[in-house]
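Understanding the architecture of this molecule
Chain by chain, the residues run as shown.
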Amino acid sequence: MMNMDAPKKDFFMLMQQKLKNGSLGDLISKIESRLDLTFEGNTPFNPNLCLKDAEEVRDEFKSTFTQEELFHYLWAIGANVNNFKKMPIPLPENTAIFLQLVRKSFCQNLKG
């Protein structure tokens, strides 16, 4: 995980806790079903920017998502430590939108 500001780091820690206690299972199952992706919880996120055109990393060939990608998706839609329990979590419409939001949050990390 890259350097993060305090609010983002706090939310990442909350996500880690919720993944360990299984309280994100329903959300993960819904995303898996909607996007036809399999959750690989402990696999680190790797945007593979230098391999962006390689078949194994192109979006249309993606078959899994990681805990860090889940974190970046949730952060991109506005989830944080203060509102996560109360916030209705919208499911992504498709894999392309999910990955676009993941990259948006990930790239914000690179800038700041």
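All of the points below concern the structure found in this document. (Residues numbered from 1 in each chain as written. Predicted model: local features only at pLDDT ≥ 70, side-chain atom pairs only at ≥ 80, totals over all residues. Heavy atoms only, no water.)

Moving on to the packing of aromatic side chains. Within the structure shown, the criterion is met by eight aromatic pairs. Relative to Trp-75, the ring of Phe-71 has its centre 6.3 Å away and its plane inclined at 25 degrees; by these criteria the two rings are stacked. Highlighted residues: Phe-71 and Trp-75, both in helix 3 (residues 67–76), separated by four residues, approximately one helical turn. You can call Trp-75 buried: its relative accessible area is 18%. (Phe/Tyr/Trp six-rings, centres within 6.5 Å; stacked < 30°, edge-to-face > 60°. Helix = DSSP H or I, 4+ residues; strand = E, 2+ residues; numbered from the N terminus. Buried < 20%, exposed > 50% of the residue type's maximum accessible area, 1.4 Å probe, protein only.)

What follows deals with the environment of Arg-34. Note that Arg-34 resides in helix 2 (residues 25–35). Separated by 61 residues in the primary sequence, Arg-34 and Thr-95 have C-alpha atoms spaced 8.6 Å apart. For Arg-34, the contacting residues outside a window of four places in its chain are Leu-91, Pro-92 and Glu-93. Here Pro-92 takes part through its backbone oxygen, which lies 3.1 Å from a polar atom of the side chain of Arg-34. (Contact = heavy atoms within 4.5 Å. Polar contact = N/O pair within 3.5 Å; in protein donor to acceptor, adjacent residues only side chain to side chain.)

This part takes up the nonpolar core. Core analysis: the biggest nonpolar cluster contains 26 residues, and Phe-11, Met-15, Leu-24, Phe-65, Leu-70, Leu-74 and Phe-84 have the highest contact counts within it. If you list the elements that add at least two residues to this core, you get helix 1 (6–21), helix 2, helix 3 and helix 4 (95–111). With near-sequence residues (within four places) excluded, Met-15 lies in contact with Leu-24, Leu-70, Phe-71, Leu-74 and Phe-84. (Core = buried A, V, L, I, M, F, W, Y, C linked by side-chain atoms within 4.5 Å.)

For the rest of this paragraph, the subject is helix 2. Of the residues making up helix 2, those classed as buried are Leu-27, Ile-28, Ile-31 and Leu-35. Buried residues along helix 2 cover an arc of 100 degrees about the axis, so they all sit on one side. Set apart from the buried face of helix 2 by more than 90 degrees, the exposed residues are Asp-26 and Ser-33. Remark: Asp-36 follows helix 2 within two positions and exhibits a positive phi of approximately 55 degrees. (Arc of directions from axis to C-beta.)

Quick look at helix 1 now. For helix 1, which comprises 16 residues, the first-to-last C-alpha distance of 23 Å matches the rise-based estimate of 22 Å (1.5 Å per residue) to within 8%. Listed as buried for helix 1 are Lys-8, Phe-11, Phe-12, Leu-14, Met-15, Lys-18 and Leu-19. One side of helix 1 holds all its buried residues, which, seen down the axis, span an arc of 160 degrees. Structural note: helix 1 exposes Ala-6, Gln-17, Lys-20 and Asn-21 on the side pointing more than 90 degrees away from its buried face. Structurally, the start of helix 1 carries an N-cap: the backbone nitrogen of Lys-8 is 3.0 Å from a side-chain oxygen of Asp-5. Just past helix 1, the residue Gly-22 takes up positive phi, approximately 80 degrees. (Expected span 1.5 Å × (residues − 1).)

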